[in-house]
Amino acid sequence: MKCELSVMMLSWEFPPRVIGGISPHVFFLSKSLAQNGVKVYVVTCDFPGAPAHEVIDGVEVYRVDSYKTPSPDFATWVYLMNLNMQKEAANLAKKLPNGVDVFHAHDWLVATSGIGLKHVFRKPLLVTMHSTEVGRRDGIHTSAEKMIGETEAWLTYEAWKIICCSDYMVSHVRWAFGLPADKLAMVPNGVNPYVYTALAKEDLTAFRRRWALPEEKIVLFVGRLVYEKGIHVLVNAVSKVLEKVNAKFIIVGSGYMKEQLLTIVRSMKMEHKVLFAGFADDATLLRLQKCADVSVVPSLFEPFGIVALEAMAARSPVVVSDTGGLSEIVDHDWSGVKVYPNNPESLAWGIVKILTDDKYKDYLVENAYRKILDKYDWDRIAQRTRKIYEDVLGEYSKSFWA
Amino acid sequence: MEAMRVIIFSWEYPPRVVGRLAEYVSALSTQLVKNKVETNVVTYHEFLTGATKEANGVNTFRVSNPVRTHIGVLTWVLTLNQEVERVAANIYFSSHKQIDLIDVYDWHFVPAAATLKAALDIPFVYSVESIEDQRSPAANTPYSMAIKSIEWLGFYEAKKVNVKTEAMRDDIIRVYQVPMEKIVVVNPNANSWTKELLSLYNSVSGGLKNR
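What this report covers is the structure whose coordinates are included nearby. (Residues numbered from 1 in each chain as written. Chains lettered and ligands numbered in written order. Predicted model: local features only at pLDDT ≥ 70, side-chain atom pairs only at ≥ 80, totals over all residues. Heavy atoms only, no water.)

Okay, the overall build of chain B next. From N to C terminus, chain B includes seven helices and eight strands. Over its C-alpha atoms chain B spans a radius of gyration of 16 Å, differing by no more than 12% from the 17 Å that the globule rule assigns to 211 residues. Reported as C-alpha extents along the three principal axes, the dimensions of chain B are approximately 50 × 40 × 30 Å. Of all 211 residues assigned to chain B, the portion counted as buried reaches 57%. Within chain B, contacts between residues at least 6 apart in sequence are counted, and of these 59% link residues at least 24 apart. Of the roughly 8700 Å² that chain B leaves accessible, carbon and sulfur atoms contribute 53%. Each charge class in chain B can be summarised by its mean position, and for the 22 positive and 22 negative side chains these summaries are 5 Å apart. (Helix = DSSP H or I, 4+ residues; strand = E, 2+ residues; numbered from the N terminus. Rg over C-alpha atoms; globule rule 2.2 N^0.38 Å. Buried < 20%, exposed > 50% of the residue type's maximum accessible area, 1.4 Å probe, protein only. Contact = heavy atoms within 4.5 Å. Areas by Shrake-Rupley, 256 points an atom, 1.4 Å probe, with all protein chains shown as cover. Lys, Arg positive; Asp, Glu negative; His and termini not counted. Charge placed at Lys NZ, Arg CZ, Asp CG, Glu CD.)

Next up, the structure:
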């Protein structure tokens, strides 16, 4: 076998530290790359109870001190955390017998680490842009947002190749940072359906009863409670859905909009119909997704929409807003229902359509499941990513750095 | 005989003069060149970026910050460090990977020095003009604590600490518990200034024979 390709992944989150979609993405991508003959070193932030070093299915995971002294603000913390991550990653990379062939950074949260490591080791830097500041905030409004946007621009400038998880994100990133087309590559995000099939034999009746009455349909939302996820659109659709169907709205996740949303729910006197469950562990989340009579992704901005894929893998029918990556994952009236973004009437219509027509629901679920097996398989995603590494290293071998 | 090769990190250097440090580093670099030390100064300038051979024989490398908008000194400094690393690495790779040491002035570019040490085994001297505890006495705001943590990293990772007075040495020992043997007092007003500094540099690089 020829010399093994080695990559160092930089990510601010990795299980058990889970904040958003980057953590499961890096986890499954790293594991699948390892199965495809790539040596993967993950450098990530520490987490209470998680070891500083462990090997997971061939993936070497290193958790570094993430600067736990109080910081002036979140963005400053990110740069302080990177100071340490870069130093520790450099220490590690130097000691590896075959070194590192490629540094692979995930989002601006590890931008400064990745850029510095590229230059001191003179190795190519790849970046996966999972999101952008201008997209998350629906425009740039403050100095902090501008600074983060400029950090993202710098990161994409320094990167040899930029990977995006959807065609939508490719064009968005090109637009946001004015990049040439040949610098970008599209590799979809993946989903692992086996975690749900493993639960197939389990009787979830008792579990379901803890969350909803037997006569209530479960409408599930999973995501951070932030503006871009459109959770306020769902809250505004609650009464419109309840006019037609008896349902329980379960909202999993936390975020800065929580108090505001609770106030709206209280003012509507809907506390008994809307449950804010907070952050859920994996075991609970997987079961909830299996129990959901409909899963809702009402995002206003969604680079990819992994939560829709997870619902499809769990055989829960999906209603998504017709935007970003969601538009590509779901085919309307075939693998799910698409509704107008930021439109509670449209969202309620989609939810009711699925909850009142079982045959239609079964049809969507079957089509969706076949689609994820076909298009979003981690093994194929790892092979495509490996090919990108090899192409970049081929170009690199002709550069004066090699 | 091959000359000693050093890189100096300073956030001010003429024509950018903020305090007294710019003139000091300039005078120091001139002396080093006179003593046949290849001297490379990496510093910041808003727009006069790039490499220059100065009249006094010092090679200067000025970088600006790729991130134009900032919310504080910390974010500005921490992003600027990557440019310092880039330029220092360029000097390293174009000098047959032989840099004897980095002399870093104050806390601003300590992060770059620490990474370069970790990645490329270049030792560094941490030269201290002032410490945060003197600038903002007893401050424990997140802002001050962050600067102190960077200063601490400098004291911890440096092979030697260089100060101008015994009072400064005692303050550093009091605030950071740095072992006294690690701190070298070099009085810039003494006649033996350059000689003492060169002997400090030699003790850090292990001399040319260690190459």
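With that out of the way, let us pick up the interface of chain A and chain B. Residue-level contacts link 31 residues of chain A with 34 residues of chain B. Together chain A and chain B conceal approximately 2700 Å² of surface at their shared face, both sides included; 71% is due to carbon and sulfur atoms. Here chain A and chain B share two salt bridges between them. Two residues, Lys94 of chain A and Asp121 of chain B, come together in a salt bridge whose shortest N-O distance is 2.9 Å. (Buried area = accessible area lost by both parts, 1.4 Å probe. Salt bridge = Lys/Arg side-chain N within 4 Å of Asp/Glu carboxyl O.)

With that settled, consider the nonpolar core. Grouped together as the largest cluster of nonpolar side chains are 150 residues, with contacts concentrated most on Met8 of chain A together with Phe9, Ile172 and Tyr201 of chain B. Per-element accounting of this core gives the leading share, 12 residues, to helix α2 (residues 74-95) of chain A. Beyond its immediate stretch of four places on either side in the chain, Met8 of chain A contacts Tyr41, Val43, Ala89, Leu92, Ala93, Val100, Val102, Phe103 and His104 of chain A. (Core = buried A, V, L, I, M, F, W, Y, C linked by side-chain atoms within 4.5 Å.)

At the junction of Pro15 of chain A and Pro16 of chain A, the peptide bond is cis and its omega measures out at 5 degrees in the coordinates. Structurally, the position occupied by Pro16 of chain A is in the loop between β1 (5-10) and α1 (22-35). With an omega dihedral of 10 degrees, the bond running from Pro14 of chain B to Pro15 of chain B counts as a cis peptide bond. Relative to the helices and strands, Pro15 of chain B resides in the loop between β1 (5-10) and α1 (21-34). Positive phi, normally seen in glycine, also occurs at Asp107 of chain A, with a value near 70 degrees. Locating Asp107 of chain A in the fold gives a position in the loop between β5 (102-106) and α3 (111-121). You will see that Asn342 of chain A, though not glycine, has its phi angle at about 60 degrees, which is positive.

The next subject is the sheet that holds strand β2 (residues 38-44) of chain B. All names here are of chain B. The strand order across the open sheet formed by eight strands is β3-β4-β2-β1-β5-β6-β7-β8, and the pairing between neighbours is mixed. Of all the strands in the sheet, the pair left with one neighbour each is β3 (50-53) and β8 (183-185). Here the average twist between neighbouring strands, direction ignored, is 20 degrees. Alignment of β2 against strand β4 (residues 59-63), held across five bridges, turns out to be parallel. Across the sheet, residue Tyr44 finds its bridge partner in β4, namely Val63. Along the sheet, helix α3 (residues 110-120) makes contact with β1, β5 (101-105) and β6 (124-127), crossing β6 at roughly 165 degrees. Across the sheet, helix α6 (residues 166-176) lies against β7 (160-163) and β8, angled at about 165 degrees from β8, the strand it touches most. (Pairing = 2+ DSSP bridges. Axes fitted to C-alpha atoms, helices over the stretch in contact; angles between N-to-C directions.)

Our next topic: the packing of aromatic side chains. All names here are of chain A. Enumeration over the complete set of coordinates arrives at 21 aromatic pairs over all chains. Ring centres of Phe103 and Phe121 lie 5.9 Å apart, and the angle between their planes is 35 degrees; this geometry places the pair in the tilted category. Of this pair, Phe103 sits in strand β5 while Phe121 sits in helix α3, placing them 18 residues apart in sequence. Geometrically, the ring pair formed by Tyr168 and Phe301 is edge-to-face, given 6.5 Å between the ring centres and 65 degrees between the ring planes. Of this pair, Tyr168 sits in helix α6 (residues 167-177) while Phe301 is found in the loop between β12 (294-297) and α12 (306-313), placing the two residues 133 residues apart along the sequence. You can call Tyr168 partly exposed: its relative accessible area is 26%. A relative accessible area of 7% means that Phe301 is categorised as buried. Each member of the aromatic cluster is reached from another via a ring pair, and the members are Phe14, Phe27, Phe28 and Trp378. (Phe/Tyr/Trp six-rings, centres within 6.5 Å; stacked < 30°, edge-to-face > 60°.)

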